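Descriptive analysis of the structure
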Amino acid sequence: GEIRKLDAAIGKACRTGKLDMAFFTVLNMNLEDARMQQIEETEDEEHSSRASILQHIYTRCQEEVEKSVPPGVALLNKLMRTTQDEIRVNQLQHYLCPQPDVIKLPDGQEIPVKESEQKKVLVPLTDFVEALSSTVLQIRTMEQAGAVERDMSASMVEACRSVAKEARMVIGENYGEDSSELRSFEEGLQPVFRPDSPQSPYIQGAQ
């Protein structure tokens, strides 16, 4: 009953626009604090329960937001909460790269993909670049406003950078190192992660 009420409250918060970057930043900080307490006091059921509840809230909020945000942002959210490298790579291949002609099952059987679905890209690279850019900009803007501590901001930007590096590897392997797709991806993120001025909004935040 309580979980159902919580899920309903999360759905309402999403519809009213309250599940924004500031909300997730504060929630993430509390979740990390609960995890650290759980590690330090492994036999404390109270801290273990707090971490589990916050993790459920975090996951449900992300899932709810992904229903209403652009595909690029939804994919970035999904990647940011996936801890296993192999799964993230599979997600990047599935969403950013053309769909295969056939799907191979574990037993070796091959299932043809509908012709209309072949070569289809679920999340355009330009959308994913925009999602990374806008997220870093929001983080820096919140940092400058004092809503996020500098260390937390740096950690979040570095997490975005790590996802971008993994995406660059997957794009290079699937489209080719000399492809226009990879070149556009790199050029789109150049000012985000390698700004050419200390006054860049990706350092100073939006003015």
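Residues numbered from 1 in each chain as written. Predicted model: local features only at pLDDT ≥ 70, side-chain atom pairs only at ≥ 80, totals over all residues. Heavy atoms only, no water.

Here we look at the packing of aromatic side chains
Stated formally: Paired rings are identified among Phe, Tyr and Trp, the last through its six-membered ring, by centres lying within 6.5 Å, and are further divided according to the angle between planes into stacked (under 30 degrees), edge-to-face (over 60) and tilted (the rest). For the exposure calls, accessible area comes from a 1.4 Å probe over protein chains only, and a residue counts as buried if that area is under 20% of its type's maximum, exposed if over 50%, partly exposed in between. Numbering goes from the N terminus for both helices and strands, where a helix is a DSSP run of H or I of at least four residues and a strand is a run of E of at least two.
All told, the structure shown has 2 aromatic pairs when counted by the stated rule. Here Phe-23 and Phe-24 contribute two aromatic rings whose centre-to-centre distance is 5.5 Å and whose plane-to-plane angle is 80 degrees, an arrangement assigned as edge-to-face. With relative accessibility at 29%, the residue Phe-23 sits in the partly exposed group. Plain terms: the ring middles of Phe-24 and Tyr-58 are 6.1 Å apart, the flat faces sit at 90 degrees to each other, and that makes the pair edge-to-face. Of this pair, Phe-24 sits in helix 2 (residues 21–40) while Tyr-58 sits in helix 3 (residues 45–66), placing them 34 residues apart in sequence. Note on accessibility: Phe-24 and Tyr-58 belong to one class, buried. Put simply, the rings of Phe-23, Phe-24 and Tyr-58 pair up and form one aromatic cluster.

Let's talk about the environment of Met-36
Take Met-36: it is sitting in helix 2. Considering only alpha carbons, one finds Met-36 and Ala-51, 15 residues apart in sequence, at a separation of 9.2 Å.

Topic: the layout of surface pockets
To keep things clear, this is the line we draw: The distinction between a cavity and a pocket rests on a 1 Å grid over the protein atoms alone: a 1.4 Å probe fits inside a cavity but cannot get out, while a pocket stays open yet meets protein on both sides within 12 Å along at least five of seven lines, and a residue with an atom within 4 Å of a point counts as lining. Grid points are joined across faces, edges and corners, and a volume is the space filled by probe spheres set on the points. Think of it as three bins: nonpolar holds Ala, Val, Leu, Ile, Met, Phe, Trp, Tyr, Cys and Pro, charged holds Asp, Glu, Lys and Arg, and polar takes everything else, Gly as well.
Within this model, the largest pocket holds a volume of roughly 890 Å³. Around the largest pocket sit 36 residues that line it, and Tyr-58, Gln-62, Asn-77, Met-80 and Arg-81 are the ones nearest its centre. Of all the secondary-structure elements, those providing two or more residues to the lining of the largest pocket are helix 2, helix 3, helix 4 (71–80), helix 6 (125–144) and helix 7 (150–175). At 8 residues, helix 7 tops the list of elements feeding residues into the lining of the largest pocket. Partitioning the lining of the largest pocket into residue classes produces 18 nonpolar, 12 polar and 6 charged. There is about 290 Å³ of room inside the second largest pocket. In terms of lining residues, the second largest pocket is bounded by Arg-161, Ala-164, Lys-165, Arg-168, Phe-185, Glu-186, Leu-189, Gln-190, Phe-193 and Arg-194.

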